Amino acid sequence: MIGERSLAAFSQGKAQPVDQLLIKPIASAAFADTRSFLRAASRGRHSETDAWFEADDTARFILDTSGRVLRTNAKARALADCGMVGSRGVFICAAHRSRAELDALLRGLADGSRESGRILFRAGDDEWCILDLMTTPEAPNRVFATARPVKPLDVARITALGAVFGLTRAETAVLLHLTAGATPKDIGRKLEMSIHTVRAHLRSICMRMGVKGINGALRLSFQMS
């Protein structure tokens, strides 16, 4: 979780220096490296904490509960400049197909029904990001997010996933194209299958992997790889 010192400055709608934050370890692997943030801040040298935030290899964002970007580090600004995530002052633009998923997660974070969540974000034809978001009681109306670009999975990794979940050869081929960003219609054309056959394979993949829907299968595939 974030904060042992009051973070009230963030709740006032101003992007204050990150030296206001003290971050202690949390269970989520996406935020495990925040231990160094705690060590830097605990020595009382705020400039070091700001330097850590700015230079950290993980893209970090501070958002409000509507998804507006309030603060970023250098890595996050690089992603925004590429148009992947966080551009034009919003974490995910209103027109993106992941925006509805983000809005649902932000509502859960705002009303306290959730403390964290993860979104698999498609940034391009073969570009993906894993977005992790979390809140803390010490910083009301603020959401702390990270973005990690991931590459499409190669044949070896998909084959290994297929073996783990007992996928057939056809299902494994469908999953390979799916993680590369292909739509069901594209998959049918590439594999010379009807759209009905592709959808049947997708239903079977989701059932075998124990997930709901294509996004669930994609998320689990990237997480396990």
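Just so it is clear, the model here is predicted, and its values are computed rather than measured.

Caption draft 1: Just the overall build of the protein, in detail. A count of helices and strands for the protein gives ten helices and five strands. Looking at the protein alone, contacts between residues at least 24 apart form 48% of all its contacts between residues at least 6 apart.

Caption draft 2: Region of interest: the packing of aromatic side chains. All chains considered together, the criterion is met by one aromatic pair. Aromatic side chains F61 and F91 sit 5.0 Å apart centroid to centroid with 70 degrees between the ring planes, which places their arrangement in the edge-to-face category. Taken together, the residues span a long stretch of sequence, with F61 in strand β1 (residues 59–64) and F91 in the loop between α4 (74–81) and α5 (99–111) at a distance of 30 residues. Just as F61 is buried, F91 falls in that class too.

Caption draft 3: A look at the pairing of strand β4 (residues 127–134). Buried residues dominate β4, accounting for seven of its eight residues. Note: β4 against strand β5 (residues 142–150), seven bridges, orientation antiparallel. If you follow D132 over to β5, its bridge partner there is T146.

Caption draft 4: Region of interest: the pairing of strand β2 (residues 69–72). Across three bridges, the pairing between β1 and β2 is antiparallel. Bridging across to β2, I62 finds its partner in R71. Linkage of β1 to β2, two consecutive antiparallel strands, is achieved through a turn of four residues, within which G67 is found at a positive phi near 95 degrees.

Caption draft 5: Structural context of α4. Along α4, the residues that are buried comprise A76, L79 and A80. The buried residues of α4 occupy an angular sector of 100 degrees when the element is viewed end-on, so they sit on one face. G83 occupies a position one or two residues after α4 and carries a positive phi of about 80 degrees.

Caption draft 6: Representation of the pattern of salt bridges in the model. The tally for this structure, following the rule as stated, stands at nine salt bridges. Across the salt bridge formed by D132 and R148, the nearest N and O atoms sit 3.7 Å from each other. Linking D132 in strand β4 with R148 in strand β5, this pair joins segments that are 16 residues apart in sequence. Residue D132 is classed as buried on the basis of its relative accessible area of 5%.

Caption draft 7: Region of interest: the nonpolar core. Grouped together as the largest cluster of nonpolar side chains are 23 residues, with contacts concentrated most on I205 and F222. Of all the secondary structure elements, the ones that give two or more residues to this core are β4, α6 (155–165), α7 (169–179), α9 (195–209) and α10 (213–224). Looking at which element gives the most residues to this core, the answer is α9, with five residues. Setting aside residues up to four positions removed in sequence, I205 forms contacts with L167, E171, V174, L175 and A217. Counting residues in hydrophobic clusters, the runner-up holds 22 residues, among them F61, V85, L109 and C129.

Caption draft 8: Seen up close, the packing of α7 against α9. It is the contact of α7 with α9, at a shortest axis distance of 10 Å, that shows an interaxial angle of 95 degrees. One way to sum up the angle between α7 and α9 is to call them roughly perpendicular. Seen from α7, the contacting residues are A170, E171, V174, L175 and L178; seen from α9, they are H201, L202, S204, I205 and R208. Broken down by class, the residue content of the contact of α7 with α9 amounts to six nonpolar, two polar and two charged.

Caption draft 9: Layout of unusual backbone geometry. For N141, which is not a glycine, the phi torsion comes out positive at approximately 65 degrees. By the element assignment, N141 lies in the loop between β4 and β5.

Caption draft 10: Quick look at the environment of L202. Secondary-structure assignment places L202 in helix α9. For the pair L202 and I214, spaced twelve residues apart in the sequence, the C-alpha separation amounts to 7.3 Å. Sequence-distant contacts of L202, that is, excluding residues within four places in its chain, are made with V174, L178, P184 and I214.

Caption draft 11: Representation of the confidence of the model for the protein in the model. Summing up the model confidence of the protein, the mean pLDDT is 78 and the portion of residues at 70 or higher is 76%. Considering each helix and strand of the protein separately, the mean pLDDT is smallest for helix α1 (residues 8–11), with a value of 35, and largest for α9, with 94. Between residues 1–44, whose pLDDT stays under 50, and residues either more than four places distant or in other chains, the model counts 99 contacts.

Calculation notes
Residues numbered from 1 in each chain as written. Predicted model: local features only at pLDDT ≥ 70, side-chain atom pairs only at ≥ 80, totals over all residues. Heavy atoms only, no water. Helix = DSSP H or I, 4+ residues; strand = E, 2+ residues; numbered from the N terminus. Contact = heavy atoms within 4.5 Å. Phe/Tyr/Trp six-rings, centres within 6.5 Å; stacked < 30°, edge-to-face > 60°. Buried < 20%, exposed > 50% of the residue type's maximum accessible area, 1.4 Å probe, protein only. Pairing = 2+ DSSP bridges. Arc of directions from axis to C-beta. Salt bridge = Lys/Arg side-chain N within 4 Å of Asp/Glu carboxyl O. Core = buried A, V, L, I, M, F, W, Y, C linked by side-chain atoms within 4.5 Å. Axes fitted to C-alpha atoms, helices over the stretch in contact; angles between N-to-C directions. Parallel < 35°, antiparallel > 145°, perpendicular 65-115°, else oblique. Nonpolar A, V, L, I, M, F, W, Y, C, P; charged D, E, K, R; others polar. pLDDT = per-residue confidence, 0-100.

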